[in-house]
Amino acid sequence: MTNILLTGASRGIGAAAHAALTAAGCKVIGQSTAGGNGLIAADFAQPRAADALWAEALERAGGRIDVLVNNAGVFEAADIADADGFASAWARSHAINLQSAADLCRHAVLHFQAHGGGRIINVASRAGHRGDSPLHWHYAAAKGGMLAMTKSIARAYAAQGILAFSITPGFTMTGMAEDYLASRGGDKLLADIPLGRVASAEEVAETIRWLATTAPASLTGATIDINGASYVR
Ligand SMILES: NC(=O)c1ccc[n+]([C@@H]2O[C@H](COP(=O)([O-])OP(=O)(O)OC[C@H]3O[C@@H](n4cnc5c(N)ncnc54)[C@H](OP(=O)(O)O)[C@@H]3O)[C@@H](O)[C@H]2O)c1
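Not measured: the values here are computed from a predicted model.

Let's talk about the overall build of the protein chain
When helices and strands are tallied, the protein chain shows eight helices and nine strands. Compactness check: the protein chain gives a C-alpha radius of gyration of 17 Å against a globular reference of 17 Å for 233 residues, within 12% of the reference. Each of the 233 residues in the protein chain was classed as buried or not, and the buried ones make up 43%. Long-range pairs, those at least 24 residues apart, make up 69% of the contacts in the protein chain with a sequence separation of at least 6.

What follows is the structure, given as structure tokens:
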């Protein structure tokens, strides 16, 4: 049985990944901010929350975690005209979108080194390559940081059987994307996607399932784009 720690499992991409991984026969230990429904509670805005999450997940997993999926994230506006709001939005985005993922990666690498390897999947964003809106510099910066961190892990620990992958979704139909589409006029945004629609959470979840279970080891270090050809690198 493959034991998987999945953050942000309560809704959106994370809930779809929870279902896909469970259907594939994995034991999924999920997290959300408030917990409930079998998920572990951890608020990544709080310093070191990831450390407590790792410890509880390891206990629930019986001492062995095989795969870490860093999926939790927030997409909140930061207005450059508001100095205090700008600073606090950057700090919060860094804590939730990057630092907590880094803390969990640190635990995972140490654990995988002691147990013969494992896999890390970091859910970043197209914004990490392309940048984001005037209100979301911080989000793009955090996701770009996540991509660089994942490549560093892949290069540093491949010889020890530790594989690391990034996923970079474009717009994906979850609560977060619906709000965004509505705020940006929907159709205009869709016109920028050659496929003609945003991704579904299930499409991203299927990619997470593949990377977590059967993707070949030589893929380590790769970033998988899921954006309907809206940003082709
Ligand atoms: N949807 C998109 O268009 C899109 C595009 C590119 C990348 N992504 C990335 O894909 C990932 C999932 O996105 P999504 O759209 O599925 O998100 P979502 O529906 O908004 O769900 C976010 C998840 O993160 C958790 N979370 C939020 N704040 C947290 C905090 N302070 N501490 C711990 N957990 C927290 C939420 O838990 P609660 O339910 O408890 O709040 C929830 O499980 C994110 O990393 C996002 O940046 C999404």
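Quick word on helix H5 (residues 137–157)
With 21 residues, H5 extends 30 Å between its outermost C-alpha atoms, agreeing within 8% with the 30 Å of an ideal straight helix rising 1.5 Å per residue. Where H5 is buried, its residues meet helix H3 (83–114), strand S5 (118–123), helix H4 (127–130) and strand S6 (162–169).

Points about the pairing of strand S2 (residues 27–32)
Within S2, five of the six residues are buried, leaving the element largely enclosed by the surrounding structure. Sheet topology places S2 next to strand S3 (residues 40–41); two bridges connect them, and they run parallel. Paired with Gln31 across the two strands is Ile40, which belongs to S3.

Some remarks on the sheet that holds S2
The seven strands lie next to each other as S3-S2-S1-S4-S5-S6-S9, forming an open sheet whose pairing is parallel. The open sheet is flanked by S3 and strand S9 (223–226), the only strands paired with a single partner. Here S6 runs beside S9; their pairing, made up of four bridges, is parallel. Paired with Ser166 across the strands is Thr223, a residue of S9.

Here's the deal with the nonpolar core
Buried together is how nonpolar side chains tend to be arranged in soluble globular proteins. Formed by 61 residues in total, the largest nonpolar core has its most connected members in Ile4, Ala17, Leu68, Val69, Ile121 and Ile208. Not counting chain neighbours up to four residues away, the residues in contact with Val69 comprise Ile4, Leu5, Leu6, Thr7, Ala17, Ile121, Ile208 and Ala212.

Considerations on the environment of Ala83
Mapped onto the elements, Ala83 comes out in helix H3. Along the chain, Ala83 and Gly117 lie 34 residues apart, while their C-alpha atoms are 44 Å from each other.

Thoughts on the site of the ligand
Near the ligand, the surroundings consist of 29 residues, among which Gly8, Gly12, Ser32, Thr33 and Gly73 are the closest. Elements represented by at least two residues in the shell around the ligand include exactly helix H1 (12–23) and helix H6 (175–183). By residue class, the composition of the shell around the ligand is 15 nonpolar, 12 polar and two charged.

Quick notes on the packing of H1 against helix H8 (residues 201–213)
Where H1 meets H8, the axes come as close as 8 Å, and the angle between the chain directions of the two elements is 50°. Overall, the two elements H1 and H8 adopt an arrangement that is oblique. With respect to the hand of their crossing, H1 and H8 are arranged in right-handed fashion. Together, Gly12, Ile13, Ala16, Ala17, Ala20 and Leu21 of H1 and Ala201, Glu202, Val204, Ala205, Glu206, Ile208, Arg209 and Ala212 of H8 make up the contact between the two elements. When its residues are assigned to classes, the contact of H1 with H8 shows 10 nonpolar, one polar and three charged.

A look at the environment of Ser218
Its location among the elements puts Ser218 in the loop between H8 and S9. Spatially, the C-alpha atom of Ser218 lies 14 Å from that of Ile153, the residues being 65 residues apart in sequence.

Things to note about the packing of helix H2 (residues 49–60) against H3
Look at H2 against H3: their axes get within 8 Å of each other, and the N-to-C directions meet at 40°. Classified by the angle their axes make, H2 and H3 are oblique. For the pair H2 and H3, the crossing hand works out as right-handed. From H2, Ala49, Ala50, Asp51 and Trp54 reach across to H3, where they touch Ser100, Asp103, Leu104 and His107. Here the contact of H2 with H3 is built from residues that sort into four nonpolar, two polar and two charged.

Quick notes on the rules
- As a convention, each chain's residues are numbered from 1 in the sequence order in which they are written.
- Under the rules for a predicted model, residues below a pLDDT of 70 receive no local features and side-chain atom pairs below 80 are neither given nor counted, while totals for whole chains, interfaces and linings still include all residues.
- Here a strand is any run of E in DSSP of at least two residues, a helix any run of H or I of at least four, and the numbering for each starts at the N terminus.
- For a compact globule the rule gives 2.2 Å times the number of residues to the power 0.38, and the radius of gyration it is set against comes from C-alpha atoms.
- To sort residues by exposure, count the other C-beta atoms lying within 10 Å of each residue's C-beta; 20 or more gives buried, 12 or fewer gives exposed, and values between give partly exposed, all with C-beta atoms placed from the backbone.
- Residues are treated as contacting if the C-beta atoms built from their backbones sit within 7 Å of each other.
- An expected span of 1.5 Å times one less than the residue number is assigned to each helix.
- DSSP bridges decide pairing: two strands pair if at least two such bridges lie between them.
- Throughout this description, the term nonpolar core refers to a group of buried Ala, Val, Leu, Ile, Met, Phe, Trp, Tyr and Cys residues whose C-beta atoms join them within 7 Å.
- We count a residue as near a molecule or strand when its backbone-placed C-beta atom lies within 6 Å of that partner.
- Here the nonpolar group is Ala, Val, Leu, Ile, Met, Phe, Trp, Tyr, Cys and Pro; Asp, Glu, Lys and Arg are the charged ones; every other residue, Gly included, is treated as polar.
- Axes, fitted as lines to C-alpha atoms, cover a helix only where it is in contact. Angles between the N-to-C directions of the axes lie from 0 to 180 degrees.
- Under this scheme an angle from 65 to 115 degrees is roughly perpendicular, one under 35 degrees roughly parallel, and one over 145 degrees roughly antiparallel; angles in between are oblique.
- By definition, any crossing whose near helix is turned counterclockwise from its far helix by less than a right angle is left-handed, and any crossing with a clockwise turn is right-handed.

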